[in-house]
Amino acid sequence: MNLSKFLKNGFLILLASLVLTACATQKTQTGQLQGDVYTGKDSVEYLASGVPDRVFFATNETVLTTASRETLRKQAAWLRKNSDLNIVLEGHADERGTREYNLALGERRANSAKDYLMTYGISSNRISVLSYGKERPVDSGSNPLAWSKNRRSVSVKAN
Amino acid sequence: MILRYLIILLILLPIKAFAVIEVDITRGNLNPLPVAISPLDIDKNSKDNFKRILKKENIGVEISIIVENNLKQSGLFDPLNKDAFLQKPDIANLKPRFEDWNLIKAQALVTGKVTFIDEKLRVEFRLWDVLAGKEMMALAFTTVPSNWRRVGHIIADKVYERLTGEKGYFDTRIIYISEKGPKTNRIKKLAIMDQDGFNNKFLTLGNELVLTPRFSPTNQMVTYLSYFRNLPRVYLLDIETGMQEVVGDFPGMTFAPRFSPDGKKIIMSFAKDGNSDIYTMDLENRIVERISNHPSIDTSPSYSPDGKYITFNSDRSGYQQIYVMSSNGKNVKRISFGNGLYGTPVWSPRGDLIAFTKLHKGKFYIGVMRTDGTGERLLTENFYQEAPSWSPNGRVLIFYRETKTNAKGEGFSAKLWSIDLTGYNEKMIETETDASDPSWSSLLSN
């Protein structure tokens, strides 16, 4: 278990360095992908001015990227300012996985965002989690860019 | 010595003549057996009565067409064109002229008779070995006229069983998810139909998202996932009464349900705080038991037919792979070691194989492996397909397949497909709407 975690982290670091080296070419190609994490603004909506509602994930991953953590810190600040608001974190996966596993993956992604919000002082009873697996894509395309937009956790006002 | 051999030979010969027709179902449809399905004979009075009740011109012909289609779909039989038949149905059913049937190369012949008795449908049918010139089987049964399609399925099952030595799978139903609307906002309904796509019925209205229905071993109950009130939970539905209930009282999403082989428990995943583990709930005493306990995603559980083991997929190795454990959660063992990701394991009703979905280099496969993970065999490759479900005799798998959309995101469809365990006879199953998540019932008549 420890070994596999260690190997997984090792792999992530390797992946990250690959992403960094591949970055320049990837960015000129699409301008919207870093590794296979979506960095564009296409489907993004705003909870308030300057507060994006969603974060994106790499294939099969639930780790938050630097950009995702920045987005979530903005959400946390907004939630602190609006202490009467509750949110639902809706976790999603792309269509390239089995339905049941993707339900679990969506739940894990939403929880990864929830955990981060909690470390920035948002009480867990203000956040509920709902996984849609691959049932509610935002982009109906069958290509890597569409899939990257669909691997997401979206914060939705609950009241 | 020689004399003794001669005697044995003499005794064996007639037996050999009996055993002339045999269908080898392990070798696929390379040489389907030519069979003649004679229209079932019907007298004028019965014909008129059925016409009045069922709005079918000739129910004897209709039933024989069902038998024919089933046998043809199995890929093991080659039903001959009825235009070539020389003998009339009534005479054929009394005593076939085997030379005539032999002439059109039929090796087996099915004849029969339908009658209207006391508002009921009575059918008798016979299976004949054309080469040996013998009757192989004769059966008669009575049912309500509205069951006429099932009559065709039951005859096909009996013929299949007599000629292959294994139970058939035609008198069965499929529960599945009917899909409609844009890919980004699909409307999904629980639906049920006969194995051949007829008698389709919707069981939910489409107001909430529903997924992954599975039959109980007795076919009366269905367990599935519903997003009723935006709370994804495992539900239990009684098909006859329409009664629904939530399974257990979990403080979070429950999903991936299946029945235990004795029908007494539901096994499923429960997701909490980013971790999914496997649980069971006893349907009689409502006792919930945690079966797996690991910080990884454990889901898609399926029992072995004897109930002693559970196969499931887990990403505890870092990626989705297939595992087997004892039904108490102990002795967890990884069994998939090939290249790629493995999911949705389902134990064969014969107990010897596990069917699965595999993702490798951007392609999805449906395959089977032995329960220790050896002997992996991939049956079909496509852009996207998953979730195999076994026919009750363990010879055919049904699954769903989705198409790739074009650059504009158009052209999405989801359809049900079936394939033989041999890898032959891949077929799309016609459905009124798009369809996914099929689950095959056990035989309705046993």
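Conventions used here
Residues numbered from 1 in each chain as written. Chains lettered and ligands numbered in written order. Predicted model: local features only at pLDDT ≥ 70, side-chain atom pairs only at ≥ 80, totals over all residues. Helix = DSSP H or I, 4+ residues; strand = E, 2+ residues; numbered from the N terminus. Buried ≥ 20, exposed ≤ 12 C-beta atoms within 10 Å, placed from the backbone. Contact = placed C-beta atoms within 7 Å. Rg over C-alpha atoms; globule rule 2.2 N^0.38 Å. Pairing = 2+ DSSP bridges. Axes fitted to C-alpha atoms, helices over the stretch in contact; angles between N-to-C directions. pLDDT = per-residue confidence, 0-100. Nonpolar A, V, L, I, M, F, W, Y, C, P; charged D, E, K, R; others polar. Domains from an automatic or database assignment. Parallel < 35°, antiparallel > 145°, perpendicular 65-115°, else oblique. Left-handed = near helix turned anticlockwise from the far one by under 90°. Core = buried A, V, L, I, M, F, W, Y, C linked by C-beta atoms within 7 Å.

Time to look at the overall build of chain A. Along its length, chain A carries four helices and eight strands. Counting from the amino terminus, chain A carries its helices and strands in the arrangement α-β-β-β-β-β-α-β-α-β-α-β. Counting only residues that meet the buried cut, chain A has 45% of its 159 residues in that class. In chain A, the share of contacts with a sequence separation of at least 24, taken over all contacts with a separation of at least 6, comes to 66%.

This paragraph deals with the overall build of chain B. Helices and strands together make up the secondary structure of chain B, namely six helices and 30 strands. Radius of gyration (C-alpha) of chain B: 24 Å, near the 22 Å computed for a compact globule of 446 residues. Its C-alpha atoms put chain B at 75 × 65 × 55 Å along the principal axes. The proportion of buried residues among the 446 residues of chain B is 46%. Sequence separation of 24 or more characterises 45% of the internal contacts of chain B that already satisfy a separation of 6 or more.

This part takes up the sheet that holds strand 16 (residues 275-282) of chain B. All names here are of chain B. Overall, antiparallel pairing links the four strands, which are arranged 14-15-16-17 in an open sheet. Two strands lie at the open edges of the sheet, namely strand 14 (254-259) and strand 17 (288-290), each paired on one side alone. In this sheet, neighbouring strand axes are inclined to one another by 25° on average, regardless of whether the strands run parallel or antiparallel. In this structure, strand 14 lies alongside strand 15 (residues 265-272), joined through four bridges in antiparallel fashion. Residue pairing across strands places Phe259 opposite Ile266, the latter belonging to strand 15.

Turning next to the environment of B:Ser74. Mapped onto the fold, B:Ser74 is located in the loop between helix 3 (59-73) and strand 3 (77-79). Put simply, B:Ser74 and B:Asn425 are 351 residues apart on the chain and 7.6 Å apart in space, counted from C-alpha to C-alpha.

To continue, consider the confidence of the model for chain A. When pLDDT is averaged along chain A, the result is 87, and 81% of the positions lie at 70 or above. For the stretch residues 5-29 of chain A, pLDDT sits under 50, and the model shows nine contacts to residues farther than four places along the chain or on other chains.

Let us look at the interface of chain A and chain B. At the interface, 26 residues of chain A touch 34 residues of chain B. For the side of chain A that touches chain B, the secondary structure elements donating two or more residues are helix 1 (2-29), helix 3 (99-119) and strand 7 (127-133) of chain A. The dominant element in the side of chain A that touches chain B, judged by the number of residues it contributes, is helix 3 of chain A, at 10 residues. Residues that form the side of chain A that touches chain B fall into these classes: nine nonpolar, eight polar and nine charged.

Per the domain assignment, the segments making up chain B are domain 1 (13-164) and domain 2 (173-440). Look at where the C-alpha atoms of domain 1 of chain B and domain 2 of chain B centre, and you get two points 35 Å apart.

Residues and elements named next belong to chain B. Where helix 3 contacts helix 6 (residues 148-164), the axes come no closer than 8 Å and their chain directions differ by 45°. One finds that helix 3 runs oblique with respect to helix 6. Where helix 3 crosses over helix 6, the two elements pack in a sense that is right-handed. Touching Ile59, Glu62, Ile63, Ile66, Val67, Asn70 and Leu71 of helix 3 are Trp148, Arg149, Val151, Gly152, His153, Ile155, Ala156, Val159 and Tyr160, all from helix 6. Taken together, the residues that form the contact of helix 3 with helix 6 break down as 11 nonpolar, three polar and two charged.

Before going further, it helps to examine unusual backbone geometry. All names here are of chain B. A positive phi is found at Lys105, a non-glycine position, where the angle reads about 70°. By the secondary structure assignment, Lys105 is in the loop between helix 5 (98-103) and strand 4 (108-117). Look at Lys105 and you get exposed, because 12 C-beta atoms sit within 10 Å. The backbone of Glu119 shows a phi angle near 65°, a positive value even though the residue is not glycine. By secondary structure assignment, the location of Glu119 is in the loop between strand 4 and strand 5 (120-129).

What follows deals with the sheet that holds strand 30 (residues 434-440) of chain B. Residues and elements named next belong to chain B. Reading across the sheet, the four strands line up as 9-8-7-30 and stay open at both edges, with antiparallel pairing between neighbours. Here the strands that pair on one side only, and so sit at the sheet edges, are strand 9 (201-202) and strand 30. In this structure, strand 8 (residues 187-194) lies alongside strand 9, joined through two bridges in antiparallel fashion. Residue pairing for strand 9: Ala191 is matched across the bridge by Phe202.

This paragraph deals with the nonpolar core. Formed by 110 residues in total, the largest nonpolar core has its most connected members in B:Ile354, B:Ala355 and B:Leu397. With eight residues, the top contributor of residues to this core is helix 6 of chain B. In terms of domain composition, this core takes at least three residues from each of domain 1 (13-164) and domain 2 (173-440) of chain B. Once residues within four sequence positions are removed from consideration, B:Leu397 is found in contact with B:Ala355, B:Ile366, B:Pro388, B:Ser389, B:Trp390, B:Ser418, B:Ile419 and B:Leu421. Grouped together as the second largest cluster of nonpolar side chains are 20 residues, A:Tyr38, A:Ala110, A:Tyr116 and A:Ile127 included.

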